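One letter stands for each residue in the lines below.
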Number of protein chains: 2
Amino acid sequence: MKRTKIIDALQCTEYGKDINVKGWVRSHRNSKAVDFIALNDGSTINNIQIVVDPTSMDADTLKSITTGACISVVGTLVQSQGAGQTVEIQSKEIEIYGLCPSDYPMQKKGQSFEYMRKYAHLRLRTNTFGAVFRIRHNMAIAVHKYFHDHGFYYFHTPIITASDAEGAGEMFQVTTLDLSRTGKDDTVPYEKDFFGKKTNLTVSGQLEGELGATALGAIYTFGPTFRAENSNTPRHLAEFWMIEPEVAFLEQDELMDLEEDFIKYCVQWALDNCKDDLEFLNKMIDKTLLETLESVVKERFVRLTYTEGIHILEEAVKQGHQFEFPITGWGMDLSSEHERYLVEEYFKRPVIMTDYPSEIKAFYMKKNADGRTMQGTDVLFPRIGEIIGGSVREESYDKLVAEIKARGMEKDSYSWYLDTRKYGSCPHAGFGLGFERLILFVTGMQNIRDVIPFPRTPKTAEF
Amino acid sequence: MKRTKIIDALQCTEYGKDINVKGWVRSHRNSKAVDFIALNDGSTINNIQIVVDPTSMDADTLKSITTGACISVVGTLVQSQGAGQTVEIQSKEIEIYGLCPSDYPMQKKGQSFEYMRKYAHLRLRTNTFGAVFRIRHNMAIAVHKYFHDHGFYYFHTPIITASDAEGAGEMFQVTTLDLSRTGKDDTVPYEKDFFGKKTNLTVSGQLEGELGATALGAIYTFGPTFRAENSNTPRHLAEFWMIEPEVAFLEQDELMDLEEDFIKYCVQWALDNCKDDLEFLNKMIDKTLLETLESVVKERFVRLTYTEGIHILEEAVKQGHQFEFPITGWGMDLSSEHERYLVEEYFKRPVIMTDYPSEIKAFYMKKNADGRTMQGTDVLFPRIGEIIGGSVREESYDKLVAEIKARGMEKDSYSWYLDTRKYGSCPHAGFGLGFERLILFVTGMQNIRDVIPFPRTPKTAEF
């Protein structure tokens, strides 16, 4: 008999039909006359109830089917008498695939997320993490579908690179040298290394993404990105996934339209495709989750210059609002606290902040005519702060070279990047979205380590 | 005026309408009365012809618009008089975004792929590489769509790992240690390294994928994978993308059905969605390309045991067929040459080879009752040889531990992996597909370095 997935069995109304379901036991309880087994196969957060006549099988065998065990059940699909479920299965035959010893780390309910992180390979079998990773999947699908439908090409930028992108962050080195043999005379024989030079893990695919956009017109990256920052916070990972679209012939207003449309599409996709999982998380993790998601897709994002933003923050301080990090005036970098004040308290909806001071932003961002602000377009979100960082790119070869020199960067390292401005340069723009920040937002989870299957953080690279 | 993408302009039949197109000049030729500019914006392999009245603009400016330059054109869409195109644009106004100096490396036609590899950032602007990377995009979309539609969850397995997977290949080390300071006393202070231990780039996401499948039911990975093998061949990359689905409750026959259905879906997707690009490659790269692709989706794949395969190869030798690598009989590992003989000459269609000797395959593959073969399911393809490597996984804790010990592997390193067999073990199966091998097959390209934007190979990590 062909197996039926539990997500399909729960929708089935062919009562009286025999079906086969397979999965892991979430709970097993017995009354006098009957045993109830809640079975889950990962296809949905909902369990199917297996009703077992205890006289139909060996008592010890039945008793051995504990939480975490894996079984195959053949039985009759019937309408359920119990509350909270429409169908159940009257068991005819149970095959045990794998029992589950009593030291199963996920046996108890209500264990802390911190505890479960130690068992990242088994937490996947819990309701919360099942929900989170089904939603993560759906968000990835939404990303690909959105860009594909809009004529963008998925573009694989390199993971190992000899470029340091923008000097954006601390990098991991990649090597095949034997570390117990380097440094003998304080030097490193890079000529013997695999690539013949020092190489690192990418901190951003953007510069290479621009190479794609200035040829294929519109591309997006979606791949792992690395920062070797020694930050033990609920917001930092050493390995995370980034989405970086880059588009030729796009101007600042159109870039903002793209950002807003894209992120609303993703959130709407979750609302349309992850209903059961979101309802569970809304109940268990964050009671305002659904309301927040629905409000984000409905509201038009505020478009606010950095200068206006600073003004609002300064006014807030005058009115007595206390920030942990002081508002030091124009030119300061905003912290997440400041961004969230604007979004959550002042405007009560997402904000696209534009035209930051050039000095606090990357070298490739296009300056405005005033010479001191640039055409940035960062999206600030409730709970998250900056969820997207975007800008128009400087397309003038001369201006870009001047900026590289002014910042003391090595022009020669960027020769391939500068070629896009040397040969048929075009106006273009793009943005970066940290995928895990989107997942944090959409799931209501608090710690970024709980929205990636196997988090990499300082001193942690398990599994 | 809103820009029209060239792919849309070429479909447009609103003759007489003014439109705006933007792109890069592929060629500029002039006759006495009129200039013709072929413009491409990456949205399609086809150019749109811009017809310019040379008296309408400054002669030097017009002359400066050479191959590679980037321009914006406003003009009237008209039916084309020329052969090979249905519409063209009568230019009214041309804005130059970026000129292109005469040292533009992609200026000449017919340059070798080897030459173009040096300019991987600019080869993207050529017809061939535009076609290849639009097809690569489409294959990625097909992968995601197939698995999403079939209830698989996209699962991000870690890139940095302290596990060596299966000892599958040479690994790159990842470190934040200063290599000029390690090795002073022949030791490496791993306690000071970012993760507090030795870590590498993943050689396969499969083992972690199994953690996902034994919780979520069916997952797939699609991410970068690394091998530090010093192989300078047209088939090897140090950094490549792998797709690794893993499915709970799947048996060997069903696994073969999945492999065949999946790969046919991808090839059919290319035929349905990449027509213009495939026709170009069929004309310029491989005149049998379309025929081969169409035959693969039509033919039922042969299902052949390794033992039968060896028999056929031995018979071929008896009949006088000469192989570069000798057929040494049962127990030997097949080379690509042998696989291609079976596929291209003997059966003339794809082959799924099953039940290999356990000894030549990985430790986690499930053995048959005979104790010497395993439930493998590799797919062999014309031109490529092995395109998919798959198997049922051993689900018995005791058998898996015995195999790990028999192979002299460290049981403790696999404790998290063994937990899937310890707690609620389930039958499951999966496969791995090297994405670039699929792209080689679908594009007809010969060298794997030409189907990934920025190839990483020994001594090469440019861009």
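Here the structure is a predicted model, which is why all the values come from computation and not from measurement.

## Observations concerning the overall build of chain A
- Regarding its fold elements, chain A presents 14 helices and 16 strands.
- By principal-axis analysis of the C-alpha atoms, chain A measures approximately 85 × 60 × 45 Å.
- Counting over 463 residues, chain A shows a buried share of 61%.
- When contacts within chain A are restricted to residue pairs at least 6 apart in sequence, long-range pairs at least 24 apart make up 67% of them.
- As displayed, chain A offers around 18400 Å² of accessible surface, 46% of which is attributable to carbon and sulfur atoms.
- If the 53 positive side-chain charges of chain A are averaged to one point and the 67 negative ones to another, these points end up 4 Å apart.

## A look at the relation of the copies chain B and chain A
- For the pair chain B and chain A, the superposition axis carries a translation of 0.0 Å, the fit reaches an RMSD of 0.0 Å, and the rotation angle comes to 180 degrees. Given the turn and translation reported, the copies of this chain are related as if by a two-fold rotation axis. Ranked by how close their C-alpha atoms come to the rotation axis, the residues of chain B are headed by B:Val174, at 2.4 Å.

## A closer look at the interface of chain B and chain A
- Contacts between the two partners involve 116 residues from chain B and, on the opposite side, 115 residues from chain A.
- Between chain B and chain A the total buried area reaches about 9100 Å² when both faces are included, carbon and sulfur atoms providing 63% of it.
- Sorting the residues of chain B by area buried against chain A places B:His156, B:Phe249 and B:Tyr423 first, and these three jointly supply 9% of that buried surface.
- Linking chain B with chain A are four salt bridges.
- Put simply, B:Asp103 and A:Lys422 hold a salt bridge, and the shortest N to O gap is 3.8 Å.
- Here the element with the most residues in the side of chain B that touches chain A is helix H5 (residues 127–149) of chain B; it accounts for 10 residues.
- Residue composition of the side of chain B that touches chain A, by class: 57 nonpolar, 35 polar and 24 charged.
- One ladder, built from three bridges, connects strand S8 (residues 173–175) of chain A with strand S8 (residues 173–175) of chain B; its direction is antiparallel. Looking at S8(B), one finds that A:Val174 is bridged to B:Val174.

## Brief notes about the packing of helix H5 (residues 127–149) of chain A against helix H7 (residues 252–273) of chain A
Residue and element names in this part refer to chain A.
- Running from N to C, H5 and H7 point in directions that differ by 135 degrees, and their axes come no closer than 9 Å. Between H5 and H7, the angle is such that the two are oblique. H5 and H7 meet at a crossing whose hand is right-handed. For the pair H5 and H7, contact is made by Asn-138, Met-139, Ile-141, Ala-142, Val-143, Lys-145, Tyr-146, Phe-147 and Asp-149 and by Leu-258, Asp-261, Phe-262, Tyr-265, Cys-266, Trp-269, Ala-270 and Asn-273, respectively.
- The residue makeup of the contact of H5 with H7, split by class, is 12 nonpolar, two polar and three charged.

## Digging into the environment of B:Thr377
All names here are of chain B.
- As for its position among the elements, Thr-377 is in strand S14 (residues 377–381).
- By relative accessible area, which is 0% here, Thr-377 ends up buried.
- Spatially, the C-alpha atoms of Thr-377 and Val-451 are 26 Å apart, while their sequence positions differ by 74 residues.
- Residues within four places of Thr-377 in sequence aside, it is in contact with Gln-252, Leu-255, Met-256, Glu-259, Ile-352, Met-353, Thr-354, Ile-388, Gly-390 and Ser-391.
- Within polar-contact distance, the side chain of Thr-377 engages the side chain of Glu-259 at 2.8 Å.

## Structural notes on the nonpolar core
- By size, the foremost hydrophobic cluster in this structure holds 291 residues, and its most contacted members are A:Met139 and B:Met139.
- Apart from residues lying up to four places away in sequence, B:Met139 is in contact with B:Cys266, B:Trp269, B:Ala270, B:Phe435, B:Leu438, B:Ile439 and B:Val442.

## Digging into the side chain of A:Glu395
Residues and elements named next belong to chain A.
- Looking at the element boundaries, Glu-395 is found in the loop between strand S15 (385–393) and helix H12 (397–406).
- Overall, the relative accessible area of 18% leaves Glu-395 in the buried class.
- A polar atom in the side chain of Glu-395 sits 3.0 Å from the side chain of Lys-366.
- Residues in contact with Glu-395, not counting those within four places in the same chain, are Lys-366, Arg-421, Ser-425, Cys-426 and Pro-427.

## What to know about the packing of aromatic side chains
- Applying the stated rule across the entire model yields 66 aromatic pairs over all chains.
- Both rings, one in A:Phe363 and one in A:Tyr417, keep their centres 6.0 Å apart while their planes meet at 70 degrees; by these two values the pair is edge-to-face. Here the residue A:Phe363 occupies a position in the loop between strand S13 (351–354) and strand S14 (377–381), and A:Tyr417 occupies one in helix H13 (residues 415–422), the gap between them amounting to 54 residues.
- On the basis of relative accessibility, which here comes to 0%, the residue A:Tyr417 falls in the buried class.
- Between A:Trp416 and A:Tyr417, the ring centres sit 6.3 Å apart and the planes meet at 80 degrees, which makes this aromatic pair edge-to-face.
- For B:Arg372, the ring lying beneath its charged end belongs to B:Trp330, and the centroid distance is 3.9 Å.

## So, the sheet that holds strand S2 (residues 35–40) of chain B
Residues and elements named next belong to chain B.
- Taken in spatial order, the five strands line up as S1-S2-S3-S5-S4 and close into a barrel, and their pairing is mixed. Ignoring strand direction, the axes of neighbouring strands in this sheet form an average angle of 55 degrees.
- Both strand S4 (residues 70–79) and strand S5 (residues 87–98) contribute to a ladder of 10 bridges, which runs antiparallel. When the sheet's bridge partners are listed, Cys-70 is paired in S5 with Gly-98.

## Observations concerning the pattern of salt bridges
All names here are of chain B.
- Tallied over the full model, the rule gives 46 salt bridges over all chains.
- Among the salt bridges present, the one from Glu-210 reaches Arg-421, with a minimum N-O distance of 2.8 Å. Of the two residues, Glu-210 is situated in helix H6 (residues 206–216) and Arg-421 in helix H13 (residues 415–422); the sequence distance between them amounts to 211 residues.
- Residue Glu-210 is classed as buried on the basis of its relative accessible area of 0%.
- In this structure, the salt-bridge partner of Glu-403 is Arg-407, at a minimum N-O distance of 2.8 Å.
- A relative accessible area of 14% places Glu-403 in the buried class.

## Description of the domain arrangement of chain A
Residues and elements named next belong to chain A.
- Entries for chain A in the domain assignment read domain 1 (3–98) and domain 2 (127–301 + 349–450).
- In this structure, domain 1 and domain 2 have C-alpha centres spaced 45 Å apart.
- With six residues of domain 1 at the interface, the matching set in domain 2 holds six residues.
- Between domain 1 and domain 2, the buried area comes to about 460 Å², and carbon and sulfur atoms account for 45% of it.
- Counting across the interface, domain 1 meets domain 2 through zero salt bridges.
- Inspection of the domain 1/domain 2 interface yields three residue pairs in polar contact (both at pLDDT 80 or more).

Calculation rules
Residues numbered from 1 in each chain as written. Chains lettered and ligands numbered in written order. Predicted model: local features only at pLDDT ≥ 70, side-chain atom pairs only at ≥ 80, totals over all residues. Heavy atoms only, no water. Helix = DSSP H or I, 4+ residues; strand = E, 2+ residues; numbered from the N terminus. Buried < 20%, exposed > 50% of the residue type's maximum accessible area, 1.4 Å probe, protein only. Contact = heavy atoms within 4.5 Å. Areas by Shrake-Rupley, 256 points an atom, 1.4 Å probe, with all protein chains shown as cover. Lys, Arg positive; Asp, Glu negative; His and termini not counted. Charge placed at Lys NZ, Arg CZ, Asp CG, Glu CD. Least-squares fit on C-alpha atoms with pLDDT ≥ 70 in both. Buried area = accessible area lost by both parts, 1.4 Å probe. Salt bridge = Lys/Arg side-chain N within 4 Å of Asp/Glu carboxyl O. Nonpolar A, V, L, I, M, F, W, Y, C, P; charged D, E, K, R; others polar. Pairing = 2+ DSSP bridges. Axes fitted to C-alpha atoms, helices over the stretch in contact; angles between N-to-C directions. Parallel < 35°, antiparallel > 145°, perpendicular 65-115°, else oblique. Left-handed = near helix turned anticlockwise from the far one by under 90°. Polar contact = N/O pair within 3.5 Å; in protein donor to acceptor, adjacent residues only side chain to side chain. Core = buried A, V, L, I, M, F, W, Y, C linked by side-chain atoms within 4.5 Å. Phe/Tyr/Trp six-rings, centres within 6.5 Å; stacked < 30°, edge-to-face > 60°. Lys NZ or Arg CZ within 6 Å of the ring centre and 35° of its normal. Domains from an automatic or database assignment.

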